[in-house]
Amino acid sequence: EGEARDGVEQSGSKRRLDEAQMAASAEDNENLVPVTVLTGFLGSGKTTLLNHILTAKHGKKIAVIENEFGDVGIDDMLLQKNTKMQSDEEIIEMMNGCICCTVRQDLIVVLEKLAKRVKAGTLKLDGIIIETTGMADPAPVAQTFFVDDKVKSFARLDGIVTLVDAKHIEQHLDEEKPEGAENEAVEQVAFADRILLNKTDLVSEEDLLRVEKRLKSINSQAPVQRCTKAEVSPDWVLDIGAFDLKRVIEMDPEFLNTDGEHEHDNSVSSISIIRPGNVDLELVQKWVGQLLQEKGAQIYRMKGVLSISNADEKFVYQAVHMLFRGNFDDKWEAGEPRESKLVFIGKNLDEKELRDGFNACIDTPEVLEKRIKTLRFAMGTKVECKTGGGWVKGEVVAHMYRDEFMPPGMVAPYQVKLDSGELIWAPEDVNNLIRKG
């Protein structure tokens, strides 16, 4: 009887000990810096969401660790001004390559560097966001927080948030990969603690319901939030306490085995171009238009910052398959080298063809001469121009004309002196705007 009672007391004390350890563990957890892993296929809107979080008024000090698939960092340029707005001690750490392979060691180094600064009291940190490349399976990133002791004592994995492009996700989920290679889009949805269904304005309600059903069939646990332009409350992404190791191990028993094989689809590659000097706006627009029309299905993502002739501002653009968006943004700073940076990520890309196509858009005296030769009307030709008051007569007095009142980058094929003596310009060399007199 005494032995039995001792046994009861022992099990009771063991239970109290377990509860005390759990309480201590929960308290320790509270002191760890929460880490959000932001994932999603190329072009799903991760950088847009990151910019949105960095500019929102939440009062949190956030470190951003960013990783791109490719040699030229475009996203870091797009993010920099917003990190500066966030605080005077902004942090952006850039890593190149596959975050889930060779770069994992770099990730540990970056986290340890942040930990030292926090410990020394030189940095207050409310959270860390790791933006993975669109080509990453998030599992190895998540592993880092369970297999490295120094990282475990500083940070905790708070949640994996996956952005999904409502228009293109089905295409990526359906894509057949070579034997042994992972479908990263499927992995990203499967590992998500929360899913942001972005770009909902580009598809119908019927499409959205079908996509949501498909996402639920892959991951029934993660709540799905619809959004456009990645606009969502930071509270839905930061410090959400959503990562559940038990669920992940049920789904992937090998999750904590860091020696596992990891294969990428070798037909997917990244091509980077850096070119000093200016490009001609009209030529580059034609080239990009033709490229997306002919190769849009192969180009998962295209982004860049261009130095355009006759423009003081940088032209920033990105494209996902055939959807293109570009605009003039910040001014080039004094002394900043004028150069263009482009990144293409896609399947079976032809590097020589892309480089040759872009090089043909560089603004040189030879290119200008070539463009003048293609114009229909020589200098001194009598023409008629379509104006607000109808067709009026005049004479061509200049080719490839530019003045300060024109939009950035624009050059008019003709300047025309009307019979009245007034000078005007023709925006395009087309018959419904300018014709032979």
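Heads up: the structure comes first, above all this text.
The shown structure was predicted, so the numbers you read here are calculated from the model rather than taken from an experiment.

Parameters at a glance
- Residues numbered from 1 in each chain as written.
- Predicted model: local features only at pLDDT ≥ 70, side-chain atom pairs only at ≥ 80, totals over all residues.
- Heavy atoms only, no water.
- Buried < 20%, exposed > 50% of the residue type's maximum accessible area, 1.4 Å probe, protein only.
- Helix = DSSP H or I, 4+ residues; strand = E, 2+ residues; numbered from the N terminus.
- Pairing = 2+ DSSP bridges.
- Salt bridge = Lys/Arg side-chain N within 4 Å of Asp/Glu carboxyl O.
- 1 Å grid on protein atoms, 1.4 Å probe; cavity = no way out; pocket = protein on both sides within 12 Å on 5 of 7 lines; lining within 4 Å.
- Points joined across faces, edges and corners; volume = space filled by probe spheres on them.

Peer 1: Sorry if this is basic, but what is going on with the pairing of strand S16 (residues 423–426) here?
Peer 2: On a regular strand, each side chain points to the face opposite its neighbour's, so the side chains alternate between the two faces of the sheet. Burial along S16 is one-sided: the face carrying Ile424 and Ala426 is buried and the face carrying Leu423 and Trp425 is not. Of the pairings in the sheet, the one linking strand S15 (residues 412–418) to S16 comprises four bridges and is antiparallel in character. Counterpart to glutamine 415 in the pairing with S16 is tryptophan 425. Hairpin connection, S15 to S16: the antiparallel pair is bridged by four residues, and glycine 421 has positive phi, about 100°.

Peer 1: Sorry, what's going on with the pattern of salt bridges here?
Peer 2: Close approach of charged atoms allows side chains of opposite charge to pair. Enumeration over the complete set of coordinates arrives at 21 salt bridges. Among the salt bridges present, the one from glutamate 351 reaches arginine 355, with a minimum N-O distance of 3.0 Å. Residue glutamate 351 and its partner arginine 355 are located together in helix H12 (residues 351–359), separated by four residues, close to a single helical turn. Note on glutamate 351: relative accessible area 38%, which makes it partly exposed. The salt bridge partner of arginine 376 is aspartate 429, with a shortest N-O separation of 2.8 Å. Linking arginine 376 in the loop between helix H13 (365–374) and strand S13 (382–387) with aspartate 429 in the loop between S16 and strand S17 (434–436), this pair joins segments that are 53 residues apart in sequence. Look at aspartate 429 and you get partly exposed, because its relative accessible area is 22%. The structure contains a network of salt bridges with shared partners spanning Asp280, Glu282, Lys286 and Arg371.

Peer 1: Quick question: what am I supposed to make of empty space enclosed by the protein here?
Peer 2: Sizing a probe to match a water molecule and rolling it over the atoms shows the empty space that remains. Under the criterion given, the structure shown has two cavities of 30 Å³ or more. Its boundaries defined by the atoms lining it, the largest cavity holds a volume of some 50 Å³. Pro34, Thr36, Lys60, Ile62, Asp126, Gly127, Ile128, Ile129, Leu238 and Asp239 together form the lining of the largest cavity. Sorting the residues of the lining of the largest cavity by element identifies strand S1 (33–40) and strand S4 (127–131) as the ones contributing at least two each. Counting residues per element, the lining of the largest cavity draws most heavily on S4, which supplies three residues.

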